[in-house]
Amino acid sequence: MFGIKNKVTLDASIPSGPEALFAKYMPKPQVNYPNVGEKNETYLKKVYMQTWGCQMNVADSERMLGLLGTLNYRPTENLNDADFILLNTCHIREKARHKVVSRLGEIKPLKEANPNIIIAVAGCVAQAESQALAKEVPYIDMIFGPDQIEELPQLIEKIIEKNDLERKTEETYTTHKHTPYVLTKFDNKEQGYSIPIDVIPPYYDENKNEVTRYVNIIKGCNNFCTFCVVPYTRGREKSRPENEIIDEINFLVKKGVKEIILLGQNVNSYGLDLIGAADIHSSNGKLPFADLLHTVSDIPEVERIRFTTSNPHDFTPQLAEAFAKLPKVTNSFHLAVQSGSDRILDRMNRQYTRAEYLERVQWIRNVRPEIAFSTDIIVGFPGETDQDFADTLSLVKEMQYAFIYAFKYSIRKGTPATRFKDQVPEDVKDKRLQILLDLQKKETERQNLGEIGKVRDVLILYNNRKNENTWYGRSYEGRLVKVHSPRNIMGLILPVKITDANLTALEGHLA
């Protein structure tokens, strides 16, 4: 019979490793759905979701949880209770597929014990490695890319029909005879993409009293950096209509959200596909993203605005002007540089020089002298010499970043840099990465200690579960601040006098 075998118990915890760093940003399965009554609980299904990677993946997971909620799925943290297991994957690191296959190997006994469980792999690994996954792990039920998220209800229906057919043709379930349903085509529309909130309701966790939320505004990338898989896994740039973005923000602020983080692989390019802009760097070039910032700032309930990620190539004076005119845009800015060497920037196809990067930085510092910059840096890119690395160190010293995300270069299958013959040895990468991290550690500590004695406006984001009188928030400059208060201050922006600091956070009391 095609039915449930003996119960299998697995460890449902999220694996350790680099992806665990993102665990606190992952959607927590505690959403407060309408009460259906005890007699109807048995009709509800449960989904276990695991998310790797960037904020875009987190936002995609939230969209899928919202969609699944309309199908009577409720999130669970217990893998053994799940009717649907969904892995949302990231392809930014080397051997990403191997990590997913390893996790699926841990899940396989559950599928063998209960073939009715649906197992799905989504995200960038699904997009880039679908055929290899289907061959290597045939007991997956479906593999779908980021452009198919809106089709999830229809995909589930097809899987149920497919499994019913297999049930009729096979007396017993065997994993090697089962084949995944693969759908990883790119959206072939020339312009825009849509996430209407009446079709895909925003995921909001009533139990968490969320204060800050990501809102997707653009997906994909047109820049084709030689190290990056995004154009191959997320496709070309497509922007959401402004009215949809504003509808979603209005929905969130009515729930109590105070800070909106506009999200995309390259937010600076937002709207260019919709208006057909040819050159945003010309004297009269229009920048729809700057216009969007003004529109979001006009929403009274929005108290703070952040955005990520920005490519320096598409950064214009209009965006700097928005910083000057819009106080709701926070005094922090993530501007990825990747390298301080012009030679390496050229090999990366970043389409700007070190001098042009610093010029854009100065546009912002002219209107926001205290702005806290952060960045991404890759060490050990193919062909990087000691002098190239020294150029990166000198840029970090000159920039005085508040913090950096630094990574060793790793081969991404399908990207041009994999064909570069002058790969840097791993031990050299390790040494350079440690030198860079040590340099930045000193700068971050210096800046954090320099905050002692100052009064900063802090948006309170969450409380300490072990100490109800301890709260955590972020200053206007984006720094994490630990605040002591006996009263409930969740969601408030309050002046805090900084009394102590370490590498990771500031500490203070209400001023």
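Calculation notes
Residues numbered from 1 in each chain as written. Predicted model: local features only at pLDDT ≥ 70, side-chain atom pairs only at ≥ 80, totals over all residues. Heavy atoms only, no water. Helix = DSSP H or I, 4+ residues; strand = E, 2+ residues; numbered from the N terminus. Buried < 20%, exposed > 50% of the residue type's maximum accessible area, 1.4 Å probe, protein only. Contact = heavy atoms within 4.5 Å. Areas by Shrake-Rupley, 256 points an atom, 1.4 Å probe, with all protein chains shown as cover. Pairing = 2+ DSSP bridges. Axes fitted to C-alpha atoms, helices over the stretch in contact; angles between N-to-C directions. Core = buried A, V, L, I, M, F, W, Y, C linked by side-chain atoms within 4.5 Å.

### What to know about the overall build of the protein chain
A count of helices and strands for the protein chain gives 14 helices and 19 strands. Residues counted as buried form 54% of the 511 residues belonging to the protein chain. Contacts spanning at least 24 positions in sequence make up 75% of the contacts within the protein chain whose residues lie at least 6 apart. In the structure as shown, the protein chain presents an accessible area of about 22,900 Å², 51% of it carried by carbon and sulfur atoms.

### Some thoughts on the sheet that holds strand β11 (residues 304-308)
Ordered in space as β7-β10-β11, the three strands form an open sheet in which the pairing is parallel. The open sheet terminates on both sides in strands that have one partner only, identified here as β7 (212-216) and β11. On average, adjacent strands in this sheet sit at an angle of 25 degrees to one another, irrespective of strand direction. In this structure, strand β10 (residues 259-263) lies alongside β11, joined through five bridges in parallel fashion. The residue bridging I261 from the neighbouring strand is R306, located in β11. Here helix α1 (residues 55-70) sits on the sheet in contact with β7, β10 and β11, set at roughly 90 degrees to β7.

### Focus on the sheet that holds strand β19 (residues 506-510)
The mixed closed barrel is built from five strands, whose spatial order is β15-β16-β17-β19-β18. Strand-to-strand twist of the sheet, defined as the mean angle between neighbouring strand axes without regard to direction, takes the value 50 degrees. Here strand β15 (residues 455-464) pairs with strand β18 (residues 493-501) via five bridges, running antiparallel. Residue R456 lies in a different strand from β18, and its bridge partner there is V496.

### Remarks on the nonpolar core
Here is a general trend for soluble globular proteins: nonpolar side chains tend to be buried in one another's company. Within the largest apolar cluster, 53 residues are counted, with the highest numbers of intra-cluster contacts made by I249, L262, F289 and F307. Residues contacting F307, with those up to four places away along its chain left out, are I261, L262, V267, F289, L293, L319, F323, V329 and F333.

### Some points on unusual backbone geometry
Here T308 and T309 are connected by a cis peptide whose omega angle stands at 10 degrees. With respect to the helices and strands, T309 occurs in the loop between β11 and α10 (317-325). Backbone geometry at N72 places phi at a positive 70 degrees, although glycine is not the residue there. Relative to the elements of secondary structure, N72 occurs in the loop between α1 and β2 (73-75). Of note in the backbone geometry, Q400 takes a positive phi value of approximately 55 degrees without being a glycine. Assignment of secondary structure puts Q400 in the loop between α13 (386-399) and β14 (403-408). Taking the relative accessible area as the measure of exposure, Q400 reaches 42% and is therefore partly exposed.

### Notes on the pairing of strand β17 (residues 480-484)
Sheet topology note: the strand β16 (residues 467-475)/β17 ladder contains five bridges and is antiparallel. What sits directly across from W471, in β17, is V483. Counted between consecutive antiparallel strands, the loop separating β16 from β17 contains four residues, among which G478 sits at a positive phi close to 90 degrees. The pairing of β17 with β19 spans four bridges and is parallel. Residue pairing in the sheet places V481 in a bridge with L506 of β19.

### A closer look at the environment of N250
Following the sequence through the fold, N250 ends up in helix α7 (residues 242-254). A residue is classified by how much of its surface remains accessible, and N250, at 25% relative accessible area, is partly exposed. Considered as a pair, N250 and V296 are 46 residues apart in the sequence and their alpha carbons are 9.6 Å apart.

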